[in-house]
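# Structural overview for review
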Amino acid sequence: MFSYFTLHFPVVPPPGRIQFPSVKPNSVVLSWGNPKGLEGPKSFRIMWSSLQKVEGRLVIKNFHKIEISNLELGQQYFFSVATEDEDGNLSEWVTATVFTVVPPPRHLTKEHSDATSLTLKWMDGEKMEGIPQQFLIAVESPGKEPLVIHTHDYCKKVCDLEPDTKYTISVSTVVNDRCSKPISICTRTEPSLRQVLSKIGLEDQYDTKLTLSTVLEINQYDRSQRKPKSARAVPEAFLKQLMLLNTNARSATCVSQDGDKCNAINLLDLVTALFLCSDSALQQDLVLKMSLCQFAVPLLLPNSETREITMMLWSMRDIVRTFRPSQQAFLKSYCDERLVLSDIPLVSFVRLGKTSLSKSQMLNKLLCNNQQIHHTFCHRIMACCDVPRRISDGLVEISWYLPCGNRKIDKFTEPLAFTNMRGDIKASERQFAFLCQASAAVYIYCDESETNYFKHLEGKHLAANIFLISSTQGKSYRLKQLTVNPRLKMTDISQIKKTDTELLKALQESVSKMLVSPQTKKVSLADLAYTAHCCQILVDEDRDECQTAWENASKITAKVTNISEFKDKQLPYQGNIWKAISWVETECWRLRKVGNNNPGNYCESIKEKEKELRNKQRSFEMTTAVECFHHGMTTSEVQRYHFLKWLEMELDNLSRHQLSALQDRYKELRQKSLEETKEIVLTDNQISACSLRVVHFVRECGQLYNNVSCLPEYSRQRKNIEQLPGQCAQMMLDGFPLELVDGDATNIPIKWISQVLTELHNIMNSSSKLKVITVIGAENSGKSTLLNTMFGVRFAVNVGTCTRGAFIQLISVSKDIRKELGCDCIMLIDTEGLKPHRMVRDDHSHERDKEVASLAVALSDVVVVSISNDSSREKDLWEMVCHAFARLKGVSKKKPVCHFVHTNMYDMPALEQLKRSKELMEQLNEMIGKDVKMKKANINKLSDVIKFDLNNWSWYIPPVWDGTPPMAPVNVGYSATVYTLKKVLINDLQKCPERGDLIQFIGKVEQFWKTV
Ligand SMILES: Nc1nc2c(ncn2[C@@H]2O[C@H](COP(=O)(O)OP(=O)(O)OP(=O)(O)O)[C@@H](O)[C@H]2O)c(=O)[nH]1
Ligand SMILES: [Mg+2]
């Protein structure tokens, strides 16, 4: 019965296994096998559901495959399929599950990288708009633990990485705990600062800084210049060329063709590295020389290791420039300004993201007055600038546009400072914030698509006007003004510009327009120190030694209201009394006014007079200003340098304007007529009275020392003063010249000079064998400039600081060529210019010039005689030079090697040079031949008093400036000729017999000074 009633349902075979040949974010294709043993037509029932609900049902006939769409991405779905036969019988359900795909992110890029971090950026996956998602970042490197990071953002900075290491970075989208396939990039972190330094051989200098004296040391490089063969030779090549003011110094950094190319270093990295590895004296000197070459200089210096940014205010302090804004032009007066103290509008150029346009090239074009573009800011097309930057992203450089007052030449009528930030503002937010507060205008290069970035500025107060140089995929540009307060707004202020030239014009107009607006923010860099602090930027002047030194220097300068009164009251030892002493002291040797008197008796009476004067001088007390100077000098070594530098700059600030006016007057009088002797002498005296420099304080110390040294050894006063010669010797090593002959009194304070040089000899561990190079010649003919360029030293050349008397400076010789050269150091003597006879106060001062020149020549191994191209005074000058040489005969047995240098000479063909040299020689010999005095001394021709090499005894040096100052860089020809001359001088020195050390030199100074 039971069996009868048992219903006999046919068993329908189920479909074969379900497979998913395609799974997409919103659809899947599923397929299944034929049900076994079921022939003929059949249908399949399909059902699918998510975790939450049944999503759909379907019946299809005869097909084994179907696409199900409208699914959600990243979801789990369950699929069931059953066979249905013709009678509607169902098989068992076959089931399978699948996750719809999560789309991977797109456009993964590296935004920025440094030694230990990478900033990545990407975009949503396809069809992901509005879907809540996360991203999973995996950072992998062979042999290192992988790092996994989750984020909701589309940009991430990955930190704590190893420098100079290859990383694979993968980013996946995560939805409902499902991960997409990753999108990956391979990249390398930048080398660390130390790695870059060690590549260029500066690894040790990060801690023990490079100093000016090591850079100036004479070494093999000064004898034969060569292209660096490896990256380690690059810093030296650059520094040596920069010291020579070679405006091509930057191309000297390219590693030579036969060298290892991967050794190349980006120029900006080189500059950053050098500044990070230099002490503050060298930093200041580098900036000064870079600015003379019209190279941009660092304003904000990044340190990629410590992440500190430093404003280089101290480094820029020494830049003083002469220019003429339009209002001044018609007054015919110049502005002589220390640039960090001048209120000048700052215009900044930065970039957001990547741009195809070179900001630096555009700036260079903006800065130049004519077609000849000077590479103030280095850019990618320059040699060695296409190498990737490692440590200089975030560097902000500065350069100035200074008008000359000629409307036909000037591009802008007022001075302007331009800054250029390297790298992306997104990676250097502190610098960008600073520029937005410090500048009058900030121009931002960016792509149209990036402007969202500015949202975070909304509502903020920015002091600068912000302009966008907005490009559409680098093809066309438009200037827009960006306002952020109260809301972000962009206003077009130019038409679309298709070419660089059009854009440049628009930029120039925009900057000029800003200049004439009375609201334009003008600020001095010195005042921006406060802004820097607010933006968490350090200021190099904040260091204790610099601050204390400033306080010490201010104690002196605060007392100066009237310079000549100050000198009378605070520097009494060197006043008229020292002049009187000098006169009588030298009269004992020179017997200028002996007349018919008996020389013995005459000298006796003079000595009496000298004693009297010295007693009177001894009655003076040490004044407070000198006490402050003494205190400033005797503090720590770093502080002493800063103190002297502050004092030098502050004193210059006090006297510059007055002195430069006087100097202009002096030059004008001289050019007008030499007969205006009275006026000239008056102006000269005024210049002397108004000048107050460090040298006056050192002079005072010298006099003080001279007087006190007669007191008993145990006396307090003497003890107090005993350190001073040592301090002054150190001062020389810091790069400050020492006054050998006091230019006002025309005398050498022998005791003092001897003691300073003895101390110097001791500091040098008695290795002070020296040879001497001297420059004499026409006044204002560029003698000091020549020595400074040749050896990188700092004899006074600034306006109002013409050389008086004679100054000395010591340059060390590198140990490896000391033997070859026969000396441990080279002494340079810079002398006061020789003035034509008619122009000077009296016979004595005419004699004085010659005395100084003769002394310098007598002390020298090599003499450079400089002549300016003013032919009207040439004859006078030659006579004086010949007389100076003639005196030698009675003084020194040695004949110095001589070179005659014509400065400020425009291109002269070689043949013409040869002709002129020949004529000059004949002229000189003739002059000597005719001179009765010389004949008596058995001098008949030039070669009787000096040595010279007929092949290279006369030089024609091109003008210093290539163009019209102040925008003109140093002439490449000037630097090259000076370098050639330098090599010849060093060769000459090598040939000269050895002449002993500093101690012997002191003896000679005394002996020659008495006999010249
Ligand atoms: N245009 C131009 N100016 C120069 C040249 N050489 C020097 N000068 C400038 O002339 C001025 C005087 O230069 P110095 O080097 O001080 O001349 P000096 O011969 O040492 O002068 P004294 O010591 O006063 O005799 C400075 O302002 C220099 O910048 C030159 O070749 N061309
Ligand atoms: Mg000079």
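Details of the structure are given in the entry above.
Residues numbered from 1 in each chain as written. Chains lettered and ligands numbered in written order. Predicted model: local features only at pLDDT ≥ 70, side-chain atom pairs only at ≥ 80, totals over all residues. Heavy atoms only, no water.

### Looking at the overall build of the protein chain
Tallying secondary structure elements over the protein chain gives 32 helices and 34 strands in all. Relative to a compact globule of 1012 residues, whose C-alpha radius of gyration would be 31 Å, the protein chain shows 40 Å and is clearly more extended. Each principal axis of the C-alpha distribution contributes one length, and for the protein chain these read about 175 × 65 × 60 Å. In the protein chain, which comprises 1012 residues, the proportion classed as buried is 57%. For the protein chain, long-range pairs separated by at least 24 residues make up 71% of all intrachain contacts whose partners lie at least 6 apart in sequence. About 44900 Å² of surface is accessible on the protein chain, with carbon and sulfur atoms providing 51% of the total. Where the 128 positive side-chain charges of the protein chain centre and where its 118 negative ones centre are 3 Å apart. (Helix = DSSP H or I, 4+ residues; strand = E, 2+ residues; numbered from the N terminus. Rg over C-alpha atoms; globule rule 2.2 N^0.38 Å. Buried < 20%, exposed > 50% of the residue type's maximum accessible area, 1.4 Å probe, protein only. Contact = heavy atoms within 4.5 Å. Areas by Shrake-Rupley, 256 points an atom, 1.4 Å probe, with all protein chains shown as cover. Lys, Arg positive; Asp, Glu negative; His and termini not counted. Charge placed at Lys NZ, Arg CZ, Asp CG, Glu CD.)

### Examining the environment of Leu859
Relative to the helices and strands, Leu859 resides in the loop between α27 (843-858) and β32 (862-867). C-alpha separation for the pair Leu859 and Phe900, spaced 41 residues apart in sequence, amounts to 18 Å. Other than its neighbours up to four places away in sequence, Leu859 contacts Leu740, Val772, Ile829, Arg995, Phe1001, Lys1004, Val1005 and Phe1008.

### Brief notes about the pattern of salt bridges
Counted under the stated rule, the structure contains 41 salt bridges. A salt bridge links Arg223 to Glu820; the shortest N-O distance between them is 2.6 Å. A residue pair is termed long-range when its members are at least 10 positions apart, and Arg223 in helix α4 (residues 220-223) and Glu820 in helix α26 (residues 815-821) qualify at 597 residues. Relative accessible area serves as the criterion here: at 38%, Glu820 is assigned to the partly exposed category. When the shortest N-O distance is used, the salt bridge between Arg338 and Asp652 registers 2.6 Å. With a gap of 314 residues between them, Arg338 in strand β19 (residues 335-338) and Asp652 in helix α19 (residues 637-672) connect regions that are remote in the sequence. On the basis of relative accessible area, Asp652 is assigned to the buried category, the value being 13%. Here the salt bridges share partners, and the residues they tie into one network are Asp318, Arg338, Lys645, Glu648, Asp652 and Arg656. (Salt bridge = Lys/Arg side-chain N within 4 Å of Asp/Glu carboxyl O.)

### Overview of the sheet that holds strand β33 (residues 897-902)
The strand order across the open sheet built from seven strands is β28-β30-β31-β29-β32-β33-β34, with neighbouring strands paired in mixed fashion. Edge positions in the open sheet fall to β28 (738-742) and β34 (954-956), since each of these has one partner strand only. Across the sheet, the axes of successive neighbouring strands diverge by a mean angle of 20°, strand direction being ignored. Pairing of strand β30 (residues 805-812) with strand β31 (residues 825-831), which is carried by seven bridges, proceeds in the antiparallel orientation. Counted as the bridge partner of Ala806 is Thr831 from β31. Sitting on the sheet, helix α31 (residues 972-991) touches β29 (770-777), β31, β32, β33 and β34, and the angle it makes with β33 is about 170°. (Pairing = 2+ DSSP bridges. Axes fitted to C-alpha atoms, helices over the stretch in contact; angles between N-to-C directions.)

### A word on helix α18 (residues 624-634)
For α18, every residue scored as buried is listed here: Ala625, Val626, Cys628, Phe629, His630, Gly632 and Met633. Of the surrounding elements, those touching the buried residues of α18 are α14 (544-557), α15 (563-570), α19, α21 (694-708), α22 (716-721) and α23 (724-733).

### Considering the packing of α14 against α19
Packed helix pairs are characterised by how far apart their axes lie and by the angle those axes make with each other. Following both chains from N to C, one finds α14 and α19 inclined at 45°, their axes separated by 8 Å at the closest point. Taken together, the axis directions place α14 and α19 in an arrangement best described as oblique. Crossing of α14 against α19: the hand is right-handed. Within the contact between the two elements, α14 uses Glu545, Cys546, Thr548, Ala549, Trp550, Asn552, Ala553, Ile556 and Thr557 and α19 uses Val638, Gln639, His642, Phe643, Trp646, Leu647, Glu650, Leu651 and Leu654. A per-class count over the contact of α14 with α19 returns 11 nonpolar, five polar and two charged. (Parallel < 35°, antiparallel > 145°, perpendicular 65-115°, else oblique. Left-handed = near helix turned anticlockwise from the far one by under 90°. Nonpolar A, V, L, I, M, F, W, Y, C, P; charged D, E, K, R; others polar.)

### Things to note about the environment of Gly822
Relative to the assigned elements, Gly822 resides in the loop between α26 and β31. Exposure remark for Gly822: the relative accessible area of 7% places this residue in the buried category. If sequence neighbours within four positions are ignored, Gly822 has contacts with Lys769, Lys771 and Glu994.

### Considering helix α32 (residues 998-1011)
With 14 residues, α32 extends 20 Å between its outermost C-alpha atoms, agreeing within 8% with the 20 Å of an ideal straight helix rising 1.5 Å per residue. Taken together, the buried positions of α32 are occupied by Leu998, Phe1001, Ile1002, Val1005, Phe1008 and Trp1009. One face of α32 carries all of its buried residues, which in axial projection span an arc of 140°. Between the side-chain oxygen of the N-cap and the backbone nitrogen of Ile999 there are 3.2 Å, and the N-cap of α32 in question is Asp997. (Expected span 1.5 Å × (residues − 1). Arc of directions from axis to C-beta. Polar contact = N/O pair within 3.5 Å; in protein donor to acceptor, adjacent residues only side chain to side chain.)

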